[in-house]
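# Notes for the structure review
One-letter residues, chain by chain:
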Amino acid sequence: QVQPVESGGGLVQAGGSLRLSCAASGRTFSRYAMGWFRQAPGKEREFVAQITRSGMTSYADSVKGRFTISRDNAKNMVYLQMNSLKPEDTAVYYCAARSLITNLYDYWGQGTQVTVSS
């Protein structure tokens, strides 16, 4: 199992940048696909980006070209570089690991708040 812990959220002006970090415990971290999700007030949690254990990435259309997900298996870390931030990016951002058994995102962090002011 892995237990993600997010950090790096904060308040930023529109057009600015933030980098979120996710530290994941567990000796088998490199075997897990990792993802970032977000939940804005009054909305459902939505997919943002994911990176497979081989390094393949995919993004939601709303962040494509602005956000970049990456991982460092030696450090058990996943990152989300967010550029050209917009007020609509304001949300709690969650890091998650996809279960090797269910192939679902079963392991979640506590979330980190990102607020983009206009």
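Figured I'd write up the structure that's included with this text. The structure displayed is predicted, hence computed values, not measured ones. (Residues numbered from 1 in each chain as written. Predicted model: local features only at pLDDT ≥ 70, side-chain atom pairs only at ≥ 80, totals over all residues. Heavy atoms only, no water.)

### Quick notes on the pairing of strand E10 (residues 105–108)
Note the following rule: Strand pairing is assigned whenever DSSP identifies at least 2 bridges connecting the two strands. Starting at the N terminus, helices and strands are each numbered in turn, a helix being any DSSP run of H or I of at least four residues and a strand any DSSP run of E of at least two.
Relative to E10, strand E9 (residues 91–98) is paired through three bridges, and the arrangement is antiparallel. Across the sheet, residue Ala96 finds its bridge partner in E10, namely Trp108. Hairpin geometry of E9 and E10 is characterised by an intervening segment of six residues between the two adjacent antiparallel strands and by a positive phi of about 65° at Asn103.

### Considerations on the side chain of Thr112
Just so we agree on the cut-off: Relative accessibility decides the category of a residue: with a 1.4 Å probe and only protein chains considered, values under 20% of the type maximum give buried, values over 50% give exposed, and everything between is partly exposed. Side-chain atoms alone can form a polar contact between residues adjacent in sequence; in general such a contact is a pair of N or O atoms within 3.5 Å, and within protein one must be able to donate a hydrogen while the other accepts it. Any two residues whose heavy atoms approach within 4.5 Å at even a single point are treated as in contact.
Mapped onto the elements of the fold, Thr112 is located in strand E11 (residues 112–117). Overall, the relative accessible area of 10% leaves Thr112 in the buried class. At 3.2 Å, the side chain of Thr112 and the backbone nitrogen of Gly9 are in polar contact. Beyond its immediate sequence surroundings of up to four residues, Thr112 is in contact with Glu6, Ser7, Gly8, Gly9, Leu20, Ala91, Val92 and Tyr93.

### Overview of the pattern of salt bridges
Two side chains that carry opposite charge are able to pair once their charged atoms sit near each other. Note the cut-off: Basic side-chain nitrogens of Lys or Arg form a salt bridge, by our definition, when they fall within 4 Å of a carboxyl oxygen of Asp or Glu.
According to the stated counting rule, one finds four salt bridges in the structure shown. Put simply, Arg38 and Glu46 hold a salt bridge, and the shortest N to O gap is 2.6 Å. For Arg38, a relative accessible area of 6% gives the class buried. The salt bridge involving Asp89 is made with Arg38; its shortest N-O contact spans 2.9 Å. In this pair, Asp89 is assigned in the loop between strand E8 (77–82) and E9 and Arg38 in strand E4 (residues 34–39), connecting sequence segments 51 residues apart. Here Asp89 and Arg38 have matching classes, each one buried. Each of the salt bridges in this network shares a partner with another, and the network as a whole consists of Arg38, Glu46, Arg66 and Asp89.

### Section: the nonpolar core
As a reminder of what qualifies: Remark: nonpolar core denotes a set of buried residues (Ala, Val, Leu, Ile, Met, Phe, Trp, Tyr, Cys) joined through side-chain atoms within 4.5 Å.
If you look at the biggest cluster of nonpolar residues, it comprises 30 residues, and the most contacted ones within it are Met34, Trp36, Leu80, Met82 and Tyr93. Mapped by element, the contributors of at least two residues to this core are strand E3 (18–24), E4, strand E5 (46–51), strand E7 (67–72), E8, E9 and E11. Beyond its immediate sequence surroundings of up to four residues, Tyr93 is in contact with Glu6, Leu20, Trp36, Phe37, Arg38, Val48, Phe67, Leu80, Met82, Gly111, Thr112 and Val114.

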